[in-house]
Amino acid sequence: MSDFPSFPPGFVLGAATASYQIEGAVSEDGRGPSIWDTYSHTPGLVEGGDTGDVACDHYHRYREDVALLRDLGVGSYRFSVAWPRIVPDGVGPVNPEGLDFYERLVDELLAAGVEPAATLYHWDLPQALEDRGGWRVRDTAERFAEYTAAVAERLGDRVPRWITLNEPWCSAFLGYSVGRHAPGAREGRGALAAAHHLLVGHGLAVRALRAAGVREVGITLNLDHHLPATGSAADRAAVIRADTLHNLVWTEPLLAGRYPDTEQDTWGELITGQDFRRDGDLDLISQPLDFLGVNYYRPITVADAPYRESDPARRVATDNRYEEVPTPGVRHTAMGWPVMPHTLTDLLVDLDEQYGDALPPLHITENGSAEDDRVTDGAVHDPDRVAYLRDHLTALRAAMDRGVDVRGYYVWSLLDNFEWAYGYGKRFGIVRVDYATQRRTPKDSYHWYRRMIAAQRP
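Residues numbered from 1 in each chain as written. Predicted model: local features only at pLDDT ≥ 70, side-chain atom pairs only at ≥ 80, totals over all residues. Heavy atoms only, no water.

Asker: Whenever I open this one, the pattern of salt bridges confuses me. Can you help?
Answerer: Two side chains that carry opposite charge are able to pair once their charged atoms sit near each other. All chains considered together, the criterion is met by 45 salt bridges. Linking Asp71 and Arg450 is a salt bridge whose minimum nitrogen-to-oxygen distance equals 3.5 Å. Of this pair, Asp71 sits in helix α3 (residues 58-72) while Arg450 sits in helix α15 (residues 444-455); the two residues are 379 residues apart in sequence, bridging distant segments of the chain. Exposure remark for Arg450: the relative accessible area of 37% places this residue in the partly exposed category. Residue Arg315 is joined to Glu269 by a salt bridge in which the shortest nitrogen-to-oxygen separation is 3.5 Å. (Salt bridge = Lys/Arg side-chain N within 4 Å of Asp/Glu carboxyl O. Helix = DSSP H or I, 4+ residues; strand = E, 2+ residues; numbered from the N terminus. Buried < 20%, exposed > 50% of the residue type's maximum accessible area, 1.4 Å probe, protein only.)

Asker: Hey, could you run me through the UniProt feature "binding site: substrate" (unreviewed entry) in the chain in this one?
Answerer: This chain's UniProt record puts "binding site: substrate" (unreviewed entry) on Gln21, His122, Asn166, Tyr297, Trp412, Glu419 and Trp420. For the largest pocket, the lining residues among the annotations just cited are Gln21, His122, Asn166, Tyr297, Trp412, Glu419 and Trp420. Assignment of secondary structure puts Gln21 in helix α1 (residues 19-22). In this structure Gln21 comes out as buried when scored by relative accessible area, which is 0%. Setting aside anything within four residues of it in sequence, one finds Gln21 in contact with Ala55, Cys56, His122, Trp412, Asn417, Phe418, Glu419 and Trp420. Within polar-contact distance, the side chain of Gln21 engages the backbone oxygen of Phe418 at 2.9 Å. With a relative accessible area of 12%, Tyr297 lands in the buried category. Apart from the residues within four sequence positions on either side, Tyr297 is in contact with Glu167, Trp337, Pro338, Glu366, Asn367, Gly368, Tyr388, His392, Trp412 and Phe428. Of the polar contacts made by the side chain of Tyr297, one reaches the side chain of Glu366; its length is 2.5 Å. (UniProt positions renumbered as here; feature names shortened; annotations may be inferred. 1 Å grid on protein atoms, 1.4 Å probe; cavity = no way out; pocket = protein on both sides within 12 Å on 5 of 7 lines; lining within 4 Å. Contact = heavy atoms within 4.5 Å. Polar contact = N/O pair within 3.5 Å; in protein donor to acceptor, adjacent residues only side chain to side chain.)

Asker: Is there a simple way to think about the pairing of strand β1 (residues 12-16) in this case?
Answerer: A regular strand carries its side chains on alternate faces of the sheet. For β1, a buried count of five out of five residues is recorded, marking the element as mostly surrounded by other parts of the structure. The alternating pattern of β1 places Val12, Gly14 and Ala16 and Leu13 and Ala15 on opposite faces, both of which are buried. Across five bridges, β1 lies against strand β13 (residues 406-412) in parallel orientation. In the strand pairing of β13, Leu13 is matched with Tyr409. Pairing geometry for β1 and strand β2 (residues 76-80), over three bridges, is parallel. Residue pairing for β2: Ala15 is matched across the bridge by Tyr77. (Pairing = 2+ DSSP bridges.)

Asker: So what exactly am I meant to see when it comes to the layout of surface pockets here?
Answerer: Empty space left among the atoms is revealed by rolling a probe the size of a water molecule over them. Roughly 1000 Å³ of internal volume is contained in the largest pocket. The wall of the largest pocket is formed by 45 residues, among which Trp169, Leu174, Arg298, Glu324 and Trp337 lie closest to the centre. For the lining of the largest pocket, the secondary structure elements donating two or more residues are α8 (168-178), α10 (233-256), β8 (300-304) and β9 (322-325). Across the lining of the largest pocket, the residue classes break down as 22 nonpolar, 13 polar and ten charged. (Points joined across faces, edges and corners; volume = space filled by probe spheres on them. Nonpolar A, V, L, I, M, F, W, Y, C, P; charged D, E, K, R; others polar.)

Asker: In this structure, what is going on with empty space enclosed by the protein? I would like to understand it.
Answerer: In this structure the tally under the stated criterion is four cavities of 30 Å³ or more. By volume, the largest cavity is sized at about 110 Å³. Of the residues forming the lining of the largest cavity, the biggest block, four residues, is contributed by helix α9 (residues 189-212). Split into classes, the residues belonging to the lining of the largest cavity amount to ten nonpolar, two polar and two charged.

Below is the structure:
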């Protein structure tokens, strides 16, 4: 048992997935199209031409997947609700068949002794709302609050933990600046407007969830730990700009009720005259939270660099006078991400020191690794993933020993799935999915995690 880190009584050990990545059934029972349906069906945008049309067929196989969770012994399962299943056009009538599916899933989880944790937005915006401006416009935030209220009205009595947004950085900046995620835009001010309206949507959703009387409300951020490429003053300044783009743009409004004081240096001309910010927005955004979700996978090493685009009128919001550079001397996952578990400890301790009493309890809502899995005699031996999980859980425990209030951990992911622009080529699951047959095969990492969970019991 010495291989297993230990956690205090009541600590939540869970697993996570997301709707578009696993559900499939994209045109069944009244579901409308999402921006990811549109993006994945656009030739050349997703590796292999893959789409989420079928994915893991979880919509039809959810009972089988809940049985895997029950056997795993997790205390909680984090899933996401597909907005276009509930409100197919983003605005207008609620689709009862969509709510019915999540009600069946929640009841199946509860019967299996697994606590449901619902994420309301994991990137599958109804395409109809994108056609009206998407997250660039405030109307989308207001529609998000209406959708939230409809879901909470149906499920609020059985789902104790609610997450408004998953990784708004990816939605705003990969989606509206880099163009590597749906809707595939490359913009400057449009991406900054999207970031702000995602936060406004979060604030409005918090109000709706509080009105519904749910037990716990939070948001999940993919916070990054940045390392300077050298000890130079220029590279250290680049770290601050990277931290502003990735972290402070969210944590400062959410936890401190202010915009980052480094935003001017980070965005220059793009940040001036932001008419999408309104009086009262910061009070709305910074409402108290019951927890903060943190997704963490790897650190990022950055170096000083000039703007890639000298003309501010054509500059995207992620062009911030730094560049990501290789991190030498460590193992990298199949995603090319460096494995440095101690940086999780560093990130959490830094966050705790920065925000103090304003920081709510934390949940690690995603952590895991993509590896080059192979099936051998019907089994999947994935020692690199086992080592990754063990070492990151040990690093998490180290942060707790240094006083950081962490209440839970969710492995990413229960299942191999549609990995966004990477299609089906990257496997994060602790359960292998044969996409041709939909057969589920628990990997060695599944069995290791199962034993670790069992070792926590008195």
